[in-house]
Amino acid sequence: MTLLRHFINGTWQESATGRVREIRSPHDQHVVTTATEGDAADALQAIVAARASFDGGAFRSWSWQDRQALLRRVADLIERDLNIYAAAESGDTAKRLIEAEYDIADVISVFRFNATISEPGHSVDVGRSEISSRIAYEPVGVCALIGPWNYPLLQISWKVAPALLAGCSFIVKPSELSPSTAVLLMHTLVEAGVPAGVANLILGAGSEVGAPLTTDPRIDLVSFTGGLQTGKHIMASAAATVKKVALELGGKNPNIIFADADLDAAIDNAVTAGFLHSGQVCSAGTRLLVEASIHDQVVSELTRRAGLITLGGPDDATAETGPLISEGHLNKVLGYMSRAISEGAQVLIGGKRASGIGLEQGWYFEPTVLDRCTTTMSCVQDESFGPIITVESFTSESEAIRLGNDTIYGLSGAVWSSDAAKCDRVAAALRHGTIWINDYGPYRPEAEWGGFKASGVGRELGGSGLHEYLEAKHLWRNTSPGRSGWFRDGGHSSE
């Protein structure tokens, strides 16, 4: 079994401590691979390499067109190796292979989209013929790119692609639970022609390698996708050196169904929104808001559909969703359930660890529907990151909006209705970064992604995603310089 290693300044290396972590399948706990376990010293070494490469200027001096061509090569190479990438992603996360294949296809789209973005910059007309005033954009510098475990390569690609296009140097820190595809990406970047020191990779737990990446003054930007509490800590740590931060911190996303909606489509999408990848999705629609007059009809069908979902491992052709990522995460979801029940939520189906043939060794949790929920309950306010849908009722459009906004989060949401004007009003009033109308879940690399409120800071994807990795510079040129004449002349010439 090949040991996954750090990639620093163009070389593969093990941690100086010699520590190793086993990556185990969430499906049955077999060892998928092993990875070197880094510490702060490894992170500092990567920072030195990235800083030297950026300050040396070799990569940022590439033309915009050359960096676009680089991204196209990366996309082509990942497409060539799609099956290898998907197998590695499925192995670490135990998500179904077909889901992993979709994820890698999305990664390819992200690199290809970024390769189409034109070089930013514009002139400013100041009304004087002798003045040239121009806004140029330069790479922000050295970036720490910290990814999550649920979509390991996809979320990293949202950071790496614009960082490369901008001309930055960077350090990737994937989740210690799912590092395999980040390692594959480094191999691909080398093959595509990324210079040594530009792309670096550190493996290990955030508690060990994370601190230098967020506090060291040689880091110019931290981009993090993950939990709220870690995001708060990163933001506070970065403040000491006033570095830029881009944070995507999850959500508690309202999925609002009005009585005049296409209920068959709305319910089917609600099942997908809540139970895809066992709810381990930052934009999961695990908070269902249903107009009171159709509550019983919707909840009855939702519960029936939840009971039909087949759980299984990545190689199970009949499986529709898989396990939670780890025993620790399973215990968190169980704790969430315990609090929900104590607060009065009604368990209509599920609510416990799944059992059955082939599931005994895995971290499986039953698809769950909780009814009679209110915004005062922790199960409605807290992100479970598991396959649990909470159901609330409303009687008016204004109440639906109020409930939909009654959360510290603001990542995404949806509204279902046959009344287009109503959909537009509700979508405009919801304080969330993405609103789907009569749909749930699709995203495009061309469209900005990110949240309001506690869901994060900044945006990924789209044009704004690139600008996180750029600094604007104003260049003023006077082609006919002269004296300012502001202060009195004391009589001495400048000869």
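If you're wondering where the values come from, they're calculated on a predicted model, not measured in any experiment. (Residues numbered from 1 in each chain as written. Predicted model: local features only at pLDDT ≥ 70, side-chain atom pairs only at ≥ 80, totals over all residues. Heavy atoms only, no water.)

Novice: Even after reading the chapter, I still don't get the side chain of Ser455, so can you show me in this structure?
Specialist: Within the secondary structure, Ser455 is located in the loop between strand E19 (434-437) and strand E20 (456-457). At 2.6 Å, the side chain of Ser455 forms a polar contact with the backbone oxygen of Gly250. Leave out the neighbours within four places in its chain, and Ser455 touches Leu247, Glu248, Leu249, Gly250, Gly251, Tyr409, Gly410 and Leu411. (Helix = DSSP H or I, 4+ residues; strand = E, 2+ residues; numbered from the N terminus. Polar contact = N/O pair within 3.5 Å; in protein donor to acceptor, adjacent residues only side chain to side chain. Contact = heavy atoms within 4.5 Å.)

Novice: Quick question: what am I supposed to make of the UniProt feature "domain: Aldehyde dehydrogenase" (unreviewed entry) in the protein chain here?
Specialist: Here, the residues flagged by UniProt with the feature "domain: Aldehyde dehydrogenase" (unreviewed entry) are residues 12-474. Secondary structure within residues 12-474 divides into 40% helix and 19% strand; the distance between the first and last C-alpha atoms comes to 40 Å. (UniProt positions renumbered as here; feature names shortened; annotations may be inferred.)

Novice: Explanation requested: the domain arrangement of the protein chain in the structure shown.
Specialist: Segmentation of the protein chain into domains returns domain 1 (1-248 + 454-474) and domain 2 (252-435). A straight line from the C-alpha centre of domain 1 to that of domain 2 covers 31 Å. At the junction of the two partners, domain 1 supplies 21 residues and domain 2 supplies 25 residues. For the domain 1 and domain 2 pair, buried surface summed over both sides reaches about 2000 Å², with 61% attributable to carbon and sulfur atoms. Of all residues in domain 1, His27, Arg96 and Trp149 bury the most surface against domain 2, accounting for 28% of the area lost on that side. The interface formed by domain 1 and domain 2 includes 0 salt bridges. For the interface between domain 1 and domain 2, the tally reads 10 residue pairs in polar contact (both at pLDDT 80 or more). With 3 residues, helix H3 (residues 82-93) is the single largest residue contributor to the side of domain 1 that touches domain 2. (Domains from an automatic or database assignment. Buried area = accessible area lost by both parts, 1.4 Å probe. Salt bridge = Lys/Arg side-chain N within 4 Å of Asp/Glu carboxyl O.)

Novice: How should the state of the cysteines be read in this particular structure?
Specialist: By definition, a disulfide links the sulfur atoms of two cysteine residues through a covalent bond. For the coordinates displayed, the defined rule picks out 0 disulfides. The cysteine Cys143 is free of any disulfide, with Cys168 supplying the nearest cysteine sulfur at 3.9 Å. (Disulfide = S-S within 2.5 Å.)

Novice: Quick question: what am I supposed to make of the packing of aromatic side chains here?
Specialist: Each aromatic ring pair is described using two quantities: the centre-to-centre distance and the angle formed by the ring planes. As enumerated under the stated definition, the model contains 8 aromatic pairs in all. Their ring planes at 45° and their centres at 4.6 Å tell us that Trp436 and Tyr440 sit as a pair that is tilted. The exposure class of Tyr440 is buried, given its relative accessible area of 9%. Grouping aromatic residues by their ring pairs yields a cluster made of Trp158, Trp436, Tyr440, Tyr443 and Trp449. The ring of Phe54 is capped by Arg60, whose NZ or CZ atom sits 4.5 Å from the centre of that ring. In this structure, Arg67 is placed above the aromatic ring of Phe59, and the distance from its NZ or CZ to the ring centre is 5.9 Å. (Phe/Tyr/Trp six-rings, centres within 6.5 Å; stacked < 30°, edge-to-face > 60°. Buried < 20%, exposed > 50% of the residue type's maximum accessible area, 1.4 Å probe, protein only. Lys NZ or Arg CZ within 6 Å of the ring centre and 35° of its normal.)

Novice: Please clarify how a nonpolar patch on the surface should be interpreted in this entry.
Specialist: Side chains of Val124, Val126 and Trp476 sit close together on the surface and give an oily, nonpolar patch of about 250 Å² of accessible area. Along the polypeptide, Val126 turns up in the loop between strand E6 (122-123) and strand E7 (131-139). (Patch = residues over 30% accessible without salt bridge, like charges linked within 9 Å, V, L, I, M, F, W, Y side chains within 5 Å. Areas by Shrake-Rupley, 256 points an atom, 1.4 Å probe, with all protein chains shown as cover.)

Novice: For this particular structure, what's the right way to read the pattern of salt bridges?
Specialist: Pairing is possible between side chains that carry opposite charge, provided their charged atoms lie close to one another. Taken as a whole and assessed by the stated rule, the structure comprises 25 salt bridges. Note that Asp216 is salt-bridged to Arg218, the shortest N-O span being 2.8 Å. Residue Arg287 is joined to Glu392 by a salt bridge in which the shortest nitrogen-to-oxygen separation is 2.6 Å. Linking Arg287 in strand E14 (residues 287-291) with Glu392 in strand E17 (residues 388-394), this pair joins segments that are 105 residues apart in sequence. We note that Arg287, like Glu392, is buried.

Novice: Sorry if this is basic, but what is going on with the pairing of strand E13 (residues 254-257) here?
Specialist: Along any regular strand the residues' side chains alternate between the sheet's two faces. Of the two faces of E13, the one holding Pro254 and Ile256 and the one holding Asn255 and Ile257 are both buried throughout. The sheet contact formed by E13 and E14 spans 4 bridges and is parallel. Opposite Ile256, over in E14, you have Leu289 as the bridge partner. In this region the chain leaves E13, passes through helix H9 (residues 263-275) and returns to the parallel neighbour E14; the handedness of that crossover is right-handed. Across 3 bridges, E13 lies against strand E18 (residues 412-416) in parallel orientation. Within E18, the residue paired with Asn255 across the bridge is Ala414. (Pairing = 2+ DSSP bridges. Right-handed = clockwise from strand over helix to strand, strands pointing away.)

Novice: What should I look at first to understand the nonpolar core in this one?
Specialist: Nonpolar side chains tend toward joint burial in soluble globular proteins. Counting 92 residues, the largest nonpolar core has Phe111, Val160, Leu164, Phe170 and Leu189 as the members making the most contacts within it. Lining this core are residues from two domains, each supplying at least three of them: domain 1 (1-248 + 454-474) and domain 2 (252-435). Excluding residues within four positions of it along the chain, Val160 makes contact with Phe111, Leu145, Phe170, Val172, Leu185 and Leu189. Ala43, Ala49, Ile202 and Ala238 belong to the second-largest nonpolar core, a separate cluster that totals 25 residues. (Core = buried A, V, L, I, M, F, W, Y, C linked by side-chain atoms within 4.5 Å.)

Novice: Looking at this model, I keep getting lost on the sheet that holds E6. Mind explaining?
Specialist: Strand pairing in a sheet takes place through backbone hydrogen bonds and is either antiparallel or parallel in direction. Spatially, 3 strands are ordered E6-E7-E21 in an open sheet, and the strand pairing comes out antiparallel. Taken across any chain shown, the strands that pair with only one partner, and hence form the sheet edges, are E6 and strand E21 (470-478). Taken together, the 9 bridges between E7 and E21 define a ladder with antiparallel strand orientation. Within E21, the position partnered with Ile135 by the bridge is His474.

Novice: So what exactly am I meant to see when it comes to helix H2 (residues 64-80) here?
Specialist: Owing to its 3.6 residues per turn, the α-helix brings residues three or four apart onto one side. In a regular helix each residue adds 1.5 Å, so 17 residues correspond to 24 Å; H2 covers 25 Å between its end C-alpha atoms and thus fits that length. Within H2, burial applies to Trp64, Arg67, Gln68, Leu70, Leu71, Val74, Ala75, Leu77 and Ile78. Looking at the buried side of H2, the elements it contacts are H3, helix H4 (97-114), helix H5 (152-166), helix H6 (180-192) and helix H15 (462-467). (Expected span 1.5 Å × (residues − 1).)

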